[in-house]
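# Survey of secondary and tertiary structure
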Amino acid sequence: MNPVHVIGIGQGLCDLTSDHFKIIEQCDLLIGGQRLIAMFKGQRKETLTVKSNLSAVVLTIQEQMAVKKIVVLASGDPLFYGIGSILCRKIPDKHLCIHPNITSVGAAFSAICQPWQDAKIVSLHSSTDREFSFPSLALETKVAFLTGPEKDPGFIAEKLIEYQLDGFRVCVLENLGHPDKEKISWFTEYKQILEQGFSHPNIVILLKPENKIVSHETYIGMPDAFFRHTKGLITKSEVRSISLSKLKLVKKDHVLWDIGSGSGSVGIEAAIQIPWGQTYAVEKNQDRIPDIIHNIKIFNQPNVKVVHLDFPEGHQSLKSPDRIFIGGGGKDLEKIISCACDRIRPKGVIVINTVIIESMETAMTTLERHGFSPELIQVQISKSKPMPYGRRMNALNPVWIISGTNPLTQKAKK
């Protein structure tokens, strides 16, 4: 059985060693993308061009590796978003030889003289399994995008504008390593990118100074003073911590509804835990909306969307949630909870905070009626307060926290 050699071209033929050339010269079948195959057009070899026919290519390798010496060409490093990753799953290790080379991302950062050990790497190739969540870039300072024909620099610029991800310098690097076509362009205005065309292949790098992100560390249960709020309408720090723990935000792409958002403190701290997800800050009082918007900007959380609704009116416009926090409701609480129970996804969690005894009873009975098995806790917080000769404890209003999980037998909501 002949070994299959997977050779990374790097940025061009100049990055190949004499051993690489010898392996290629001795092969019977040369496989690679059209651009890579063209580099060896002078050699009379049987070739197979890789397009969207990866399954067929893998099958050909498996069928012919016993009788032919096969070389697979890859751009950059074969195991960095390359064909080598696929072949590792399809061909036994003992029959596979990987020859790494310079990665396209490494070459891009070298071209602009920037270290990249702290960079976030994102592939936007059409083969990517999951749609990338741009709001997750809010706290990043260095990002590299591997682009594709459809998800190109213009697509990235549109997303940066859509999610108000301000403060990045954008570098577009075209045809890296090509002596005549290589081009490096810098932009500080995203709209300028939309006005230009770029050749492929290209890589996009985003850079942001450290002082352009949140001015302090973020964590669960941040002090109330970190948030702008009106007349004390904020879920207090300690209660917020417990409420968020009850929400069980175990997946980074959860969708959360924060109903009766007030200052947005719960939704914003939740958004920090679900950077690939979406948080809807639902508030009916127009006067509180500016506070929520201000806090979103302060904490740089563009995955929080402010929704001015008198819930449950208009709930159809919201994506079905995995988690719901209800921090307000008043006389409409039963109606709000019932709608939440109908919309939440299987295994979804609802958490309700209230300081009113009657609302606590309403929350319990409504959840039970919808098949939830609610849990009830009372939180009593006392905080120290300075006195002339020491400190005393100042009690805050007790809060009831009711939580319940959607029954597993309920069908998923679209």
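You'll find the structure just up there.
Throughout what follows, the structure given in this document is the object of discussion. Every residue gets a number counted from 1 within its own chain, in the order that chain's sequence is written. Under the rules for a predicted model, residues below a pLDDT of 70 receive no local features and side-chain atom pairs below 80 are neither given nor counted, while totals for whole chains, interfaces and linings still include all residues. Excluding hydrogens and water, the side-chain figures rest on all heavy atoms present in the structure.

Quick look at the overall build of the protein chain now. Each helix is a run of H or I in the DSSP string that is no shorter than four residues. Each strand is a run of E no shorter than two, and both are numbered from the N terminus. On a plain count of helices and strands, the protein chain comes out with twelve helices and 19 strands. Whereas a compact globule of 414 residues would reach a radius of gyration of roughly 22 Å, the protein chain reaches 28 Å, over 25% beyond that. Under the scheme applied here, a residue whose accessible area is under 20% of the maximum for its type counts as buried, over 50% as exposed, and between as partly exposed, the area being computed with a 1.4 Å probe on protein chains only. Within the span of the protein chain, comprising 414 residues, buried residues form 47% of the whole. Residue contacts follow a heavy-atom distance rule, with two residues in contact if any of their heavy atoms lie within 4.5 Å. Sequence-distant contacts in the protein chain: of pairs separated by 6 or more residues, those separated by 24 or more amount to 67%. Only the protein chains shown count as covering a residue, and every accessible area follows the Shrake-Rupley method with a 1.4 Å probe. Of the roughly 21300 Å² of accessible surface on the protein chain, a fraction of 51% belongs to carbon and sulfur atoms. Charge-centre separation for the protein chain: the mean point of 49 positive side chains lies 2 Å from the mean point of 42 negative side chains. This radius of gyration counts C-alpha atoms alone. The globule rule is 2.2 Å times how many residues there are, raised to the power 0.38. Lys and Arg are tallied as positive, Asp and Glu as negative. Neither His nor the chain termini are counted. The location of each charge is read from NZ of Lys, CZ of Arg, CG of Asp or CD of Glu.

Attention now goes to the packing of aromatic side chains. Classification of ring pairs rests on two measures: the distance between centres of Phe, Tyr or Trp rings, Trp counted by its six-membered ring, which must be within 6.5 Å, and the angle between planes, read as stacked under 30 degrees, edge-to-face over 60 and tilted in between. For the structure shown, the criterion picks out nine aromatic pairs. Judged by centre distance (5.2 Å) and plane angle (75°), the ring pair of F132 and F134 falls under edge-to-face. Residue classification places F134 among the buried residues on the basis of a relative accessible area of 2%. A centroid spacing of 5.9 Å and a plane angle of 70° characterise the contact between F134 and F155, whose relative ring orientation is edge-to-face.

If you trace the seven strands from one edge of the open sheet to the other, you get β13-β12-β11-β14-β15-β19-β16, paired in mixed fashion. The open sheet terminates on both sides in strands that have one partner only, identified here as β13 (304-308) and β16 (375-379). The mean inter-strand angle of the sheet, taken between neighbouring strand axes irrespective of direction, is 15°. Two strands qualify as a pair provided that DSSP identifies no fewer than 2 bridges between them. Sheet topology places strand β12 (residues 278-283) next to β13; five bridges connect them, and they run parallel. When the sheet's bridge partners are listed, T279 is paired in β13 with V304. A fitted line through C-alpha atoms serves as each axis, taken over the contacting stretch for helices, and the angle formed by two N-to-C directions is quoted from 0 to 180°. Strands in contact with helix α11 (residues 333-343) are β11 (255-259), β14 (323-326) and β15 (349-354); relative to β14, the strand with the most contacts, it is inclined by about 175°. Packed onto the sheet, helix α12 (residues 357-369) meets β15, β16 and β19 (399-405) and runs at close to 5° relative to β19.

A few words on the pattern of salt bridges. Throughout this description, the term salt bridge denotes a Lys or Arg side-chain nitrogen within 4 Å of a carboxyl oxygen of Asp or Glu. Counted according to the given criterion, the structure contains eleven salt bridges. The salt bridge partner of K159 is E162, with a shortest N-O separation of 3.6 Å. Remark: E162 and K159 occur in helix α6 (residues 153-162); sequence separation between them is three residues, near one turn of the helix. Here K383 and E238 are joined by a salt bridge, their closest N and O atoms 3.5 Å apart. Here the residue K383 occupies a position in strand β17 (residues 382-387), and E238 occupies one in helix α8 (residues 237-247), the gap between them amounting to 145 residues. Accessibility expressed as a relative area gives 33% for K383, which makes it partly exposed. For E238, a relative accessible area of 28% translates into the label partly exposed. Salt bridges linked by common partners bring D224, R240 and E269 together as one network.

On to the sheet that holds strand β8 (residues 169-174). A sheet is described by the order of its strands in space; here five strands give the open sequence β6-β7-β10-β8-β9, paired in mixed fashion. The sheet terminates laterally at β6 (120-123) and β9 (183-187), the two strands that pair on one side only. The average undirected angle you get between the axes of adjacent strands in this sheet is 15°. Relative to strand β10 (residues 202-207), β8 runs antiparallel, the two being bridged by six bridges. Its bridge partner being in β10, L173 is matched across the sheet by I203. Running at roughly 25° to β10, α6 makes contact with β7 (142-146), β8 and β10 of the sheet.

Burial of nonpolar side chains together is a common tendency in soluble globular proteins. Put simply, a nonpolar core is a bunch of buried Ala, Val, Leu, Ile, Met, Phe, Trp, Tyr and Cys residues held in one set by side-chain atoms that sit within 4.5 Å of each other. Core analysis: the largest hydrophobic core is formed by 27 residues, its most contacted members being I326 and I350. Only β11, β12, β14, α11, β15, α12 and β19 provide two or more residues apiece to this core. With six residues, α11 is the single largest residue contributor to this core. Beyond its immediate chain neighbours, meaning those up to four positions away, I326 contacts I259, L333, I336, I337, A340, I350, V351, I352 and N353.

When we look at burial in α6, the residues that qualify are P153, G154, F155, I156, A157 and L160. Taken together, the buried residues of α6 touch β7, β8, α7 (190-194) and β10. Following α6 by one or two positions, Q164 adopts a phi angle in the positive range, close to 55°.

Take the packing of helix α3 (residues 54-64) against helix α4 (residues 83-90) next. Across the interface, α3 lies against α4 with an axial gap of 11 Å and an inter-helix angle of 50°. What the angle tells us is that α3 and α4 run oblique. In this structure, α3 meets α4 at a crossing whose hand is right-handed. Facing α3, whose interface residues are L54, V58, I61 and Q62, α4 presents I83, I86, L87 and K90. Gly counts as polar in this scheme, as do all residues outside two lists: the nonpolar Ala, Val, Leu, Ile, Met, Phe, Trp, Tyr, Cys and Pro, and the charged Asp, Glu, Lys and Arg. Broken down by class, the residue content of the contact of α3 with α4 amounts to six nonpolar, one polar and one charged. For classification purposes, angles smaller than 35 degrees are called roughly parallel, those larger than 145 roughly antiparallel, those between 65 and 115 roughly perpendicular, and all remaining angles oblique. Each crossing gets its hand from how the near helix is turned against the far one by less than a right angle, where anticlockwise is left-handed and clockwise is right-handed.

Turning our eyes to something else, we now look at the side chain of S136. With respect to the helices and strands, S136 occurs in the loop between β6 and β7. Accessibility expressed as a relative area gives 11% for S136, which makes it buried. Among the polar contacts made by the side chain of S136, one reaches the main-chain carbonyl oxygen of S133 at a distance of 2.6 Å. Sequence-distant contacts of S136, that is, excluding residues within four places in its chain, are made with K120, P275 and W276. Think of a polar contact as two N or O atoms within 3.5 Å of one another; within protein, one of them needs to be a possible hydrogen donor and the other a possible acceptor, and neighboring residues in sequence only count if both atoms come from side chains.

Note that all results are geometric; they support no functional claim without further evidence.
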